[in-house]
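# Tertiary structure, described
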Amino acid sequence: MNVNHYIGFDVHKKSVSYCVKGADGLIFEEGKLRSTHQTLREWAQKRPEPWRGAMEATLFSGWIYDALKPFAAELQVGHPALMKAIGASKKKNDKLDARKIADLVRCNLLPACYVAPVEIRELRQMLRYRNLVVAQAVRMKNKMSGLLMEVGAEYNKQRLHGKKYFTELLDTVEEVPESVKDLLRLSRGALEMFETTQLQLLAKLRNDRRLAQRVTLLKSIRGVGEVTALTWILEVNDPQRFSSIAQAVSYCGLTSALVSSADKQQRGPISKQRNAHLQTVLIEAAKLAPRWNPQLAALHARELKRGNRNRATLALARKLVAYLLAVDKSGQPFQIHNLTETKTAVAETAAEREVEQTA
């Protein structure tokens, strides 16, 4: 199919500006459309020529991409952090933004990002909502503790959120105003609602046939639980898009920013260009994994000897990424082939570091 039209879309909540250019850069058509499914489909159906298009990744890009994709020869979504040409312009408006995106598509310079299938994005949205609900439940727990501390009430911190203990506490606690008791009951009701909601969402994800087999494989890695496996699957979707472990680690936000010029290299703090959802889950998993995984426990102990607990946690999180990527790509359960070889490799690595430190 010969593509002669290149279209840039500048998407917003209520409107979509577009610019149609030819291969030589001449503008064929410009305009603005209402951001509705019907309007976009009718406009796309009337296109006289096959076309390639692109838009910047925003909160609204997902459904607009889904509406236009069936009518395009190729449709891409640009990485917002890498599309510097738009944000750096002296003069900026929707029409000029659409023109520049059309030029990026036409010249094959668009920094395209991966777009997961619709069904995966729907499940991912469900998991992210579950994480939000869990965070709200934690806030309610902290608020209940805070209310009791403000009035000087004595309570058992480990048992506070048990239903039976909480009921007994309200009946027996002394010198607590009724207004505080009312707030505690409201907080307890909200907590129960949040906990019920997150369990329902997790049950739906657990019972999805598209995820079940991959979750089982990933859970064969000791230290990887159900939530970690689900987060990896739904945030990454296709592990084959990572050509190396380093690329996957970078995507998860577990590497520092690098500035290199001439013969000098400078490392900064952990880069903010990452998948924040995956980063959070992997860091939390890395804190608990040494309890169940002897290989990770040995790595953690070795890194702790270097004197930095946060770096030890990051090292474990990177190792988890390597494990997850290997299992997901191979489709085989995780297993250590030769424990003796693993111990030898660990010893050799430690020895090499001692030599480097001595030198």
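Residues numbered from 1 in each chain as written. Predicted model: local features only at pLDDT ≥ 70, side-chain atom pairs only at ≥ 80, totals over all residues. Heavy atoms only, no water.

### Examining the packing of aromatic side chains
Taken as a whole, this structure holds six aromatic pairs when the rule is applied. Arranged with centres 5.9 Å apart and planes meeting at 65 degrees, the rings of phenylalanine 9 and tryptophan 51 form a pair that is edge-to-face. Linking phenylalanine 9 in strand β1 (residues 5-11) with tryptophan 51 in strand β4 (residues 51-56), this pair joins segments that are 42 residues apart in sequence. Like phenylalanine 9, the residue tryptophan 51 is buried in the burial classification. Where tyrosine 323 meets phenylalanine 334, the ring centres are 4.6 Å apart and the plane angle is 45 degrees; that geometry is what we call tilted. Of the two residues, tyrosine 323 is situated in helix α13 (residues 309-330) and phenylalanine 334 in the loop between α13 and α14 (339-358); the sequence distance between them amounts to eleven residues. Ring pairs connect the aromatic residues Phe9, Tyr18, Trp43 and Trp51, which therefore count as one cluster. Over the ring of phenylalanine 166 we find arginine 188; its NZ or CZ atom is 5.8 Å from the centre of that ring. We note arginine 241 situated over the ring of tyrosine 251; from NZ or CZ to the ring centre the distance is 4.9 Å. (Phe/Tyr/Trp six-rings, centres within 6.5 Å; stacked < 30°, edge-to-face > 60°. Helix = DSSP H or I, 4+ residues; strand = E, 2+ residues; numbered from the N terminus. Buried < 20%, exposed > 50% of the residue type's maximum accessible area, 1.4 Å probe, protein only. Lys NZ or Arg CZ within 6 Å of the ring centre and 35° of its normal.)

### With respect to the confidence of the model for the protein
Considering every residue of the protein, the mean pLDDT works out to 89; 92% of them sit at 70 or more. This stretch, residues 339-359, has a pLDDT under 50; its non-local contacts, to residues over four places away or in other chains, come to seven contacts. (pLDDT = per-residue confidence, 0-100. Contact = heavy atoms within 4.5 Å.)

### Concerning the packing of helix α1 (residues 37-45) against helix α2 (residues 61-68)
The contact between α1 and α2 brings their axes to 9 Å, and the two run at 40 degrees. Crossing of α1 over α2 shows right-handed handedness. Every residue of α2 that contacts α1 at His37, Leu40, Arg41, Trp43 and Ala44 is listed here: Trp63, Ile64, Ala67 and Leu68. Tallied by class, residues from the contact of α1 with α2 come to seven nonpolar, one polar and one charged. (Axes fitted to C-alpha atoms, helices over the stretch in contact; angles between N-to-C directions. Left-handed = near helix turned anticlockwise from the far one by under 90°. Nonpolar A, V, L, I, M, F, W, Y, C, P; charged D, E, K, R; others polar.)

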